[in-house]
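# Observations on chain architecture
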Amino acid sequence: MPDTSTSVPTLVPALDVPARSTDSQVVRLVTLLDALRDELVEIRRDLHAHPELGRTEERTTRVVAERLRRAGLSPHLLPGSGLVCDIGPSPAVSGRRRIALRADLDGLPVADACGLPWASRNRGVAHACGHDVHTAAVLGAGLALAELAASGELATGVRLVFQPAEEVQPGGAIDVINAGGLDGVAQIFGIHCDPKVDVGQVGTRIGPITSASDEVQVVLTGSGGHTSRPHLTGDLVFGLGQVITQVPAILGRRLDPRSGVNLTWGAVQAGSAHNAIPASGTVRGTLRCLDVRAWEKASDVFHQAVEQVVAPLGLEAEVRHHRGVPPVENEERSTGILEAAARDVLGPDAVLLTEQSLGGEDFAWYLTKVPGAMARLGTRTPGGRTYDIHQGDLRVDERAVESGALLLARAALLAGRH
């Protein structure tokens, strides 16, 4: 059970939703999730207070599993951390493969600076990307769908996927797939918190919604020497400077500019004295591509560019390219289901066209196996501050937990009709 010893009364107001659908299942979902609202927010706060890094989410997995068991469900624990849980009729009974709803469990190695009573108790770890919201929302959707299944109102089975290690490239989605987590699944849906969008709204788009994201590293080595005699040795710091400035420019000329290739350096290390040329140095960064075809070619071009830049300088280069994740490419029909679900449960004006971001998301791996779509879930209080993800001061409007649960539960129901 969650530790709520430091919790404060939730008292999260209901979503202000104009002209919601009067479909009987929508009314039933709203009633069920209204009743679960405070509990789900308390669970979200508990998870926020106890974040865990990728592939160590043992407590988080336990909290989710225990709540599912209390609802009469039978979660299946994945190796290490994470779980899947099936609801409703099996494919053998329904004649249809399941609809999957995915949440990610892990926090980030970021200090929590939200300043709230449920701030992280795990020093240097925080839910700075909203995975606690994702988890509570998928849990809420599952609990509501389980009630529908119990009363015979769930025609197609649903699988809840609570995956580890989204923030660890190439991502825990691969762990889930390798463990059979998509076996018997026809379609998958997910959400991602967006603090630039008001609570009660969602952002969607057909096609790529994120980018490919890889980690790259270049290690240069030379003989080292004195700064008074750079002509007698490979000038390693100069060489690093050439890699830092020239390689991104070369990529921009060798790959289609429409593919949105972006190489940005985040760390450089070399030397310790002002008058000594070091014998080794390293520069690390991220290589991102909006287009999967450019991503497939970028590795070779990157290697060639580094070698060509370094060749005249008398240095050796070791290039390390850690492939991360491809872009999340929302399938058209699945995106339409998410949009219809949002309008049904959040109102006719709930759907916004979102831009494609340069961020990476391992939900993309699921979409290489089955069709599906991800929506950006609004977490900003209308008129309030716009926060940013991956920052320790992130705050979310907690009504997003209910809106995310409603969206995903309704999407599962609509997908199960087709």
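### Let's talk about the sheet that holds strand S1 (residues 76–77)
Taking strand neighbours across the sheet as the criterion, the 8 strands line up as S1-S2-S4-S3-S5-S16-S6-S15 in an open arrangement whose pairing is mixed. If you trace the sheet from one side to the other, it starts and ends with S1 and strand S15 (351–353), each paired once. Two strands pair when backbone bridges link them, and strand S6 (residues 202–204) and strand S16 (residues 372–380) are joined in this way by 2 bridges, in the antiparallel orientation. If you follow Val 202 over to S16, its bridge partner there is Leu 377. Across the sheet, helix H4 (residues 131–150) is in contact with strand S2 (83–87), strand S3 (98–104), strand S4 (158–163), strand S5 (185–198) and S16; its angle to S3 comes to roughly 150 degrees.

### Describing the sheet that holds strand S12 (residues 280–289)
Read from one edge to the other, the open sheet built from 4 strands follows the order S10-S12-S8-S13, with strand pairing classed as antiparallel. Pairing within the sheet leaves two strands with one partner each, and these edge strands are strand S10 (262–270) and strand S13 (316–325). Neighbour-to-neighbour, the strand axes of this sheet turn through a mean angle of 15 degrees, independent of strand direction. Bridging between S10 and S12 involves 8 bridges; their strand directions are antiparallel. From the neighbouring strand, Trp 265 faces S12, where its bridge partner is Gly 285. Seen against the sheet, helix H6 (residues 236–254) touches strand S8 (212–221), S10 and S12 and runs at an angle of roughly 175 degrees to S10. Across the face of the sheet, helix H7 (residues 292–310) comes into contact with S8, S10, S12 and S13 while running at roughly 165 degrees to S13.

### Concerning the pairing of S4
Most of S4 is tucked away, with 6 of its 6 residues classed as buried. Burial along S4 is two-sided: Val 158, Leu 160 and Phe 162 facing one way and Arg 159, Val 161 and Gln 163 facing the other are all buried. Two strands pair when backbone bridges link them, and S3 and S4 are joined in this way by 6 bridges, in the parallel orientation. Paired with Asp 104 across the strands is Gln 163, a residue of S4.

### Considerations on the nonpolar core
Of all hydrophobic cores here, the largest spans 69 residues; its most connected members are Leu 68, Leu 101, Leu 145, Leu 160, Phe 162 and Phe 189. For this core, the element with the highest residue contribution is helix H10 (residues 399–415), accounting for 12 residues. With sequence-adjacent residues up to four places away left out, Phe 189 is seen in contact with Ile 99, Ala 100, Leu 101, Arg 102, Ser 334, Ile 337, Leu 338, Phe 363, Ala 373, Leu 408, Ala 411 and Ala 415. Counting residues in hydrophobic clusters, the runner-up holds 45 residues, among them Ile 209, Cys 289, Val 301 and Val 306.

### With respect to the pairing of S2
Burial analysis of S2 places 4 of its 5 residues in the buried class, the great majority of the element. In terms of strand pairing, S1 meets S2 through 2 bridges, oriented antiparallel. Across the sheet, His 76 pairs through a bridge with Val 84, a residue of S2.

### So, the confidence of the model for the chain
For the chain, per-residue confidence averages 95 on the pLDDT scale, and 97% of positions sit at 70 or higher. Of the regions scoring below 50 in pLDDT, residues 4–8 engages in 9 contacts with residues more than four places distant in sequence or in other chains.

### What about the side chain of Asp 362?
Topologically, Asp 362 is positioned in the loop between S15 and helix H9 (363–367). Using a relative accessible area of 0% as the deciding quantity, one classes Asp 362 as buried. Once residues lying within four places of it in the same chain are set aside, the contact partners of Asp 362 are Arg 102, Gln 163, Ala 165, Glu 166, Pro 170, Gly 171, Gly 172, Ala 173 and Val 325.

### Observations regarding helix H8 (residues 332–346)
Along an α-helix, residues three or four apart share an orientation, since each turn contains 3.6 residues. If you check H8, its first and last C-alpha atoms are 21 Å apart, about what 15 residues at 1.5 Å a residue would give, namely 21 Å. Those residues of H8 that fall on the buried side of the exposure criterion are Ser 334, Thr 335, Ile 337, Leu 338, Ala 341, Ala 342, Asp 344, Val 345 and Leu 346. Of the residues trailing H8, Gly 347 is marked for its positive phi of about 110 degrees.

### Here we look at the packing of H4 against H10
Axis separation between H4 and H10 bottoms out at 8 Å; the angle between their running directions is 50 degrees. Accordingly, the angle class assigned to the pair H4 and H10 is oblique. Crossing geometry of H4 relative to H10 is assigned as right-handed. Residues Val 133, Ala 136, Ala 137, Val 138, Gly 140, Ala 141, Leu 145 and Leu 148 of H4 pack against Ala 400, Val 401, Gly 404, Ala 405, Leu 408, Ala 409, Ala 412 and Leu 413 of H10.

### What about the environment of Leu 145?
Mapped onto the elements, Leu 145 comes out in helix H4. Take Leu 145: its relative accessible area is 0%, and that puts it in the buried class. Sequence separation between Leu 145 and Leu 29 is 116 residues, and the spatial gap between their C-alpha atoms is 8.1 Å.

### Re helix H2 (residues 58–70)
Counted at 1.5 Å a residue, the expected span for H2 with its 13 residues is 18 Å, and the 18 Å between its end C-alpha atoms agrees. Those residues of H2 that are buried lie in contact with helix H1 (24–49), S1, S2, H4 and S4. Just downstream of H2, Gly 72 is the residue with a positive phi angle, here 85 degrees.

### Concerning the pattern of salt bridges
Applying the stated criterion to the full structure yields 26 salt bridges. For Asp 23, the salt bridge goes to Arg 417, with nearest N and O atoms at 3.8 Å. Of this pair, Asp 23 sits in the segment before H1 while Arg 417 sits in the segment after H10, and the two are 394 residues apart along the sequence. Close ionic contact of Asp 104 with Arg 102 constitutes a salt bridge, the shortest N to O distance being 3.6 Å. Since its relative accessible area comes to 0%, Asp 104 is described here as buried. Accessibility expressed as a relative area gives 0% for Arg 102, which makes it buried. Here the salt bridges do not stand alone but share partners, grouping Asp 23, Asp 344, Arg 410 and Arg 417 into one network.

Conventions and cut-offs
Residues numbered from 1 in each chain as written. Predicted model: local features only at pLDDT ≥ 70, side-chain atom pairs only at ≥ 80, totals over all residues. Heavy atoms only, no water. Pairing = 2+ DSSP bridges. Helix = DSSP H or I, 4+ residues; strand = E, 2+ residues; numbered from the N terminus. Contact = heavy atoms within 4.5 Å. Axes fitted to C-alpha atoms, helices over the stretch in contact; angles between N-to-C directions. Buried < 20%, exposed > 50% of the residue type's maximum accessible area, 1.4 Å probe, protein only. Core = buried A, V, L, I, M, F, W, Y, C linked by side-chain atoms within 4.5 Å. pLDDT = per-residue confidence, 0-100. Expected span 1.5 Å × (residues − 1). Parallel < 35°, antiparallel > 145°, perpendicular 65-115°, else oblique. Left-handed = near helix turned anticlockwise from the far one by under 90°. Salt bridge = Lys/Arg side-chain N within 4 Å of Asp/Glu carboxyl O.

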